[in-house]
Amino acid sequence: YGINLSEMYTKTLVGRSYPAAKYWGIGLGNLKKTGKVIYTSLSLEDRKTASYPGNDDADLINMLSTIDNASVAIMFVEQGKEKVKVSWRAIPGLDISKLALSFGGGGHPAASGAEIIGSLAEVQEKVLSATINYVKNGDN
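Residues numbered from 1 in each chain as written. Predicted model: local features only at pLDDT ≥ 70, side-chain atom pairs only at ≥ 80, totals over all residues. Heavy atoms only, no water.

Undergrad: Mind laying out the pairing of strand S6 (residues 111-117), listing which residues take part and the relevant values?
TA: Residue alternation in S6 divides its side chains into a buried set, Ser 112, Ala 114 and Ile 116, and an unburied set, Ala 111, Gly 113, Glu 115 and Ile 117. With two bridges connecting them, strand S5 (residues 106-107) and S6 associate as antiparallel partners. Bridge pairing links Gly 107 to Ser 112 in S6. In this antiparallel pair of consecutive strands, S5 and S6, the connection spans three residues. (Buried < 20%, exposed > 50% of the residue type's maximum accessible area, 1.4 Å probe, protein only. Helix = DSSP H or I, 4+ residues; strand = E, 2+ residues; numbered from the N terminus. Pairing = 2+ DSSP bridges.)

The following block contains the structure:
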């Protein structure tokens, strides 16, 4: 059919815009680890700084989920003054959807999310505490 598969793969699966790459850079600069949980956050100000036009994480969570020695990766993306999108990714065998459900979200065992009311700092504190306990206690 004349389709350049290499070009299609790059554009649809691995390509990033310059603003998305800057946004990733900010998120990676904010990266932290507590035990087997890695996490980062992106604020409304970060989005503005990077000139990123979206309201998501530009697929950064999927890259974070590949980091060695982490059972769970969490991405916090501020959506408004009192609303935060939280995305979780977990290693095989850990059902993170149960935790997301407890925050009013849902998803799949390995990939789940929720939109939570509260400030970025408040949501991050609640979700981190719950996730660390979830991983430590094996409540899955």
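Undergrad: Help me get a handle on helix H6 (residues 120-137), residues and values and all.
TA: Between its terminal C-alpha atoms H6 stretches 25 Å, which fits the 26 Å expected from 18 residues at 1.5 Å a residue. If you check which residues of H6 are buried, you get Leu 120, Val 123, Gln 124, Val 127, Leu 128, Thr 131 and Tyr 134. What you see down the axis of H6 is that its buried residues fit within an arc of 135°, all on one side. Of the exposed residues in H6, the ones pointing more than 90 degrees away from its buried face are Ala 121, Glu 125, Lys 126 and Lys 136. Those residues of H6 hidden inside the fold are in contact with strand S2 (37-42), strand S3 (72-80), strand S4 (83-90), helix H5 (97-102) and S6. (Expected span 1.5 Å × (residues − 1). Arc of directions from axis to C-beta. Contact = heavy atoms within 4.5 Å.)

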